[in-house]
Structures are given as structure tokens and as C-alpha cells.
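Survey of secondary and tertiary structure
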Amino acid sequence: MVVHWTQADDEMAKQSEKVLQRLNEEGFKAYWVGGCVRDELLGRAVDDMDITTSASPEQVMGIFDDCIPTGLQHGTVTVRSGGYYFEVTTFRTESEYQDNRRPSAVQFVQNIQEDLQRRDFTMNALAMHVDGTIVDPFGGQLDIKQGLVRCVGLAVERFGEDALRMLRCIRFASVFDFSIAYNTWKGLVNQRELLQHIAMERVRTEMVKMMAGPHPQKGLELLFRSKALEYVKAPVDSNRFNKELLVGLEHLTGEHVLLRWSCVLLAGRYTREEADKLLRQWTFSNEHRVRITGVLQVEELVTTFVEQRVDDNLLRENWIVTVLSCGAQAANDWLILQKQLPQKWRDSSERAHEQMAKVQTHAASWSKSMPVHEIKELQITGEQVLQLVERKGGPWLGQLMKHLLKETAIGNIMNQYEALCTEVKRVTANDQV
Ligand code: ATP
Ligand code: MG
């Protein structure tokens, strides 16, 4: 009997079914469980399929040749079948949570109901048998139909056992566009202080999933309302955000999803420095941190130069200097973000608004007009400059190379050896006067 998985890869569904059947043949109970069953019912893509069984980890390892003892103390063995990996976890209950995060002991049990009872939300406490019947002791299917995130059991207790569940709750409500059941929300607000016990890495993982989903603004609204982020180890104050800036978040998609973070930080009036510090505390990778904060660096430079009284040419020059100091990617990211922000959101003078509008209209073509972006692209090397002026190297050389880069990028000088030599001589001659 083949159960029809519409949202999972056919081969993955088939291989997981083989694992279930094998466990059944050996006399054990076995089910698909948790996220995969939920996602199938929701009509969302199923990426991985977890299995739960009455067999002990040792028994699982005895049955399958190709397996990895992933987390024996928690009862998890990874079974490989046809190139797919499945986490097979023994039915268990949990008890004695330490520091509101992880269970200090697990007990293996014989009953699927008991296993489902330890799970966080009703929609995640679902199991499916090979024959397609669904085990749903807490009304998870109804909650899915009604679009509700609801704790299994008493919310205050469940959030007290493991505080991360509060952020999972908000993440699921945001990603699925679900409401949060009244008592679950009350429990969350009641227990939010316990978030201080959760490692920022785990907090970040939830927040990244939430922000990458289809309704990030909804998630942020829930975070603001619950004030949950004010209690994590690296806290964020809900009051600092200009919420009007968040309306276009969901339009930043695909390769631009990371810019949602830049947008949030901008809305939170973070300087680049503050943002950099926060993202370090939140354990973002260097690559992501640099990309996210690059936008704030551009924002700082642009808002400064549009306040000055400059003509169009100078505006272009200022933009090019900004591109040189922040990098082409940051400049481009900044421009993309602008398109999702409301008009005139900045608290600046009317003239600055006009200048800003000009920058936004022309920046892309100004960027395109730049023949060079880096010193190494110049048709003259530092070595050659030294020979030309017969001086010892020093900080002046770096300054001079930067000057050459700027003049070339703007188009005042051609990127040609002769032209660059002429400029080097002109500048150094002036220096000596
Ligand atoms: P996704 O994979 O989309 O993040 P998921 O529900 O599959 O969602 P996992 O972290 O993969 O989440 O966990 C698998 C299952 O384990 C969940 O569906 C849930 O039943 C259970 N689970 C996960 N984390 C917790 C937790 N903190 N407390 C209780 N049960 C949990
Ligand atoms: Mg999962």
C-alpha cells in the first residue's frame, strides 16, 4: 500500500516507506512524524522525513546496515536508504529540563501517544502510519485547518521546559501566517524572561528562518508585541523601530532576502557600528554580517553628502566615492533596499530629500560609468610610482594611489599609464612646493 505524498520527493517518500515497512516487519511500531506530516497537510514542500519507532536505538542499528548513531542518548539513529537519510528516533518522553533549555533525561516508551505529547505544538504532534492513518491526539489537524499555533498541554509549562519553543511559536505563526491560540500567547508573554537561557545561535537560527519566510513583517510584529527579543542574551528594544520601514520587507526575495536584515536594522535606527556589534553577538557569519551592514555604511555616507550644498556633478562624485569605500555590492544592495522603503522617510531637509531622489534616480548609471573599482585595476603600480618620483615609500603612497583611483573612477583621468604618470607628477610637484 503506497501512501501518497504529494509534497515530498517521490524517491524520498518511497525510501522512507521502506524503512517504516522494515521496522513493521520486525514487529515494531513506526511512523512518519512531526514537520513532514504537518507540511504535507499544509501543502508545503517536505524537505526531510523523520521517523519515530518503538524499536530501541540498538534494535534500529541491528535492523539496518547503513546507519549512523547520531544521538544515541536521545534515541536517534540516522538510517540511510537509497541515498536518502532519515532520522529514526525511539518513542520517548522527556523530563527534568535543565535551565529551561534541554531535557536532562529521556525515557524510551512503547506508546506513540506519549511520544507525541513531548512535542511542542499540536501541528507538530502528528504521526502517520504506512497505511496513511494519522495519529493526532491533540487536534493538530483541526488547528492546521484553522491556522492556529497551539502548545501541546499547558503553554506556561511547555515554554518553561524549553524557552526556545516561544521563538518557534512566533516563527511558525509568521511563516505559515497562522494565529497563536490565546492561551499559548498568554503563556509566551508570561514566560518570555526565560529566553535569557537560550544560546544566541539557536535564537538566530529561528529568526533567520522567520525572516526568510513569506511574512516576515508579521513575525516582527509578534516579536514587538510580545517583547520577546528584549529578554534574549543580546537583547533588542522593540521601541526603537520605525515600523513604517518594514512594509516592503517581503518584496526583498531570492538573493536579496538577506537585505531584509539591513532593512530591519535601518528601521531600528542602528548605526553601522551598532549593527556590526549586534550581528556579532547574534552569531551571524562574517560574510552575512558584512553584507548586511554594508548597506548601513552606504546609508551613513549618502545621508551625509546629500545634506551638503552640491551640484549634480558633485553628487555623482560623492556617489562614486561612496561606491569605492563601501564596495559595489553594498552600493547596489542599498539601491535595491531604497525601492522598498517609503518616500521621504528620513528626517532630513527638503533639499536633502531632493538630492536623495536624484541619487536614487541616477546612481545605477553612475555606478555603471565607473571604469575601475579597485587600486589593483589601475594601469600603474605602487612600484612604478616610487620609481617615477624617486621617493621612499610611506603612507603618502597609499594616499596617492587612492587619489588616482578616485580620479580614474570619476573619469577625470583615463586609466592609462601615461595619464596616470602625468597626474602623479602634478600631485607630487605640488606637494613639494
Ligand atoms: P522545520 O524543520 O520546518 O524547522 P520542524 O517542525 O520539522 O520544522 P524540527 O526542528 O525539524 O522542526 O523538529 C522536528 C520535530 O521535533 C518537530 O516537528 C516537533 O515535533 C519536534 N520538536 C522540535 N523542536 C522541539 C522543541 N523545542 N520542543 C518540542 N518538540 C520539538
Ligand atoms: Mg524538520
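Everything below is about the structure printed above this text.
Computed from a predicted model, the values in this text were never measured in an experiment.

Calculation notes
Residues numbered from 1 in each chain as written. Chains lettered and ligands numbered in written order. Predicted model: local features only at pLDDT ≥ 70, side-chain atom pairs only at ≥ 80, totals over all residues. Heavy atoms only, no water. Near = heavy atom within 4 Å. Polar contact = N/O pair within 3.5 Å; in protein donor to acceptor, adjacent residues only side chain to side chain. Areas by Shrake-Rupley, 256 points an atom, 1.4 Å probe, with all protein chains shown as cover. Helix = DSSP H or I, 4+ residues; strand = E, 2+ residues; numbered from the N terminus. Nonpolar A, V, L, I, M, F, W, Y, C, P; charged D, E, K, R; others polar. Domains from an automatic or database assignment. Core = buried A, V, L, I, M, F, W, Y, C linked by side-chain atoms within 4.5 Å. Buried < 20%, exposed > 50% of the residue type's maximum accessible area, 1.4 Å probe, protein only. Contact = heavy atoms within 4.5 Å. Pairing = 2+ DSSP bridges. Expected span 1.5 Å × (residues − 1). Arc of directions from axis to C-beta. Salt bridge = Lys/Arg side-chain N within 4 Å of Asp/Glu carboxyl O. Phe/Tyr/Trp six-rings, centres within 6.5 Å; stacked < 30°, edge-to-face > 60°. Lys NZ or Arg CZ within 6 Å of the ring centre and 35° of its normal. Axes fitted to C-alpha atoms, helices over the stretch in contact; angles between N-to-C directions.

1. Brief notes about the site of ligand 1
Taken together, 14 residues lie near ligand 1, and Arg38, Asp162, Arg165, Arg171 and Lys209 sit nearest. In the environment of ligand 1, an oxygen atom lies 3.0 Å from a nitrogen or oxygen atom belonging to the side chain of Arg119. The separation between a nitrogen atom of ligand 1 and a polar side-chain atom of Asp162 is 2.9 Å. Relative to its unbound accessible surface of 580 Å², ligand 1 loses 75% to contact with the protein. When contributions to the shell around ligand 1 are tallied by element, the ones reaching two or more residues are helix 2 (35-42) and helix 7 (164-176). Ranked by the residues each element gives to the shell around ligand 1, the list is headed by helix 7, at four residues. Looking at the shell around ligand 1, its residues break down into one nonpolar, three polar and 10 charged. There are two domains that each give the shell around ligand 1 at least three residues, and those are domain 1 (1-143) and domain 2 (147-240).

2. As for the nonpolar core
Trp5, Leu23, Met49, Trp282, Trp319 and Val359 are the most contacted members of the largest nonpolar core, which has 128 residues in total. Apart from residues no more than four positions distant in its own chain, Trp282 is found in contact with Met200, Val203, Arg204, Met207, Leu229, Val232, Ala234, Val236 and Trp261.

3. Quick notes on the pairing of strand 4 (residues 76-81)
It is a general feature of regular strands that their side chains alternate between the two faces of the sheet. The element strand 4 is extensively covered by neighbouring structure, given that five of its six residues are classed as buried. Pairing of strand 4 with strand 5 (residues 84-90) involves six bridges; the strand directions are antiparallel. Looking at strand 5, one finds that Thr76 is bridged to Thr89.

4. Here we look at helix 9 (residues 200-212)
Along an α-helix, residues three or four apart share an orientation, since each turn contains 3.6 residues. For helix 9, spanning 13 residues, the distance from its first C-alpha to its last is 18 Å, which sits close to the expected 18 Å at 1.5 Å a residue. Among all positions of helix 9, only Met200, Val203, Arg204, Glu206, Met207, Met210 and Met211 are buried. Looking straight down helix 9, one finds its buried side chains confined to an arc of 165°; they lie on one side.

5. Regarding the pattern of salt bridges
The full count for this structure, using the stated rule, is 25 salt bridges. Beyond isolated ion pairs, a larger network of salt bridges with shared partners links Arg92, Glu94, Asp115, Arg118 and Arg119.

6. Examining the packing of aromatic side chains
Across all of its chains, the model carries 10 aromatic pairs by this definition. With a centroid separation of 5.1 Å and an interplanar angle of 75°, the aromatic rings of Trp5 and Trp32 are classed as edge-to-face. Taken together, the residues Trp5 in the segment before helix 1 (10-25) and Trp32 in strand 1 (residues 30-33) connect sequence positions 27 residues apart. Using a relative accessible area of 0% as the deciding quantity, one classes Trp32 as buried. Consider the rings of Phe224 and Phe241, whose centres lie 5.0 Å apart with planes at 35°: the pair is tilted. Of this pair, Phe224 sits in helix 10 (residues 216-226) while Phe241 is found in the loop between helix 10 and helix 11 (259-267), placing the two residues 17 residues apart along the sequence. Side by side, Phe224 and Phe241 carry an identical accessibility label, which is buried. Members of the aromatic cluster, joined through ring pairs, are Phe121, Phe172, Phe176 and Phe178. The ring of Trp185 has Arg225 sitting right over it, with the charged end atom 5.1 Å from the ring centre. The cationic tip of Arg240 hangs over the ring face of Tyr270; the distance from NZ or CZ to the ring centre is 3.5 Å.

7. Examining the sheet that holds strand 2 (residues 50-53)
Backbone hydrogen bonds hold the strands of a sheet together, and the pairing may be parallel or antiparallel. One open sheet holds the seven strands; their spatial order is 3-4-5-2-1-8-9, and the pairing between them is mixed. Taken across any chain shown, the strands that pair with only one partner, and hence form the sheet edges, are strand 3 (67-71) and strand 9 (134-135). When strand 2 meets strand 5, the two strands line up parallel, connected through three bridges. Bridging across to strand 5, Thr53 finds its partner in Thr90. This element, helix 1, spans strand 1, strand 2, strand 4 and strand 5 of the sheet and lies at about 35° to strand 5. Sitting on the sheet, helix 2 touches strand 1, strand 2, strand 8 (127-128) and strand 9, and the angle it makes with strand 1 is about 60°.

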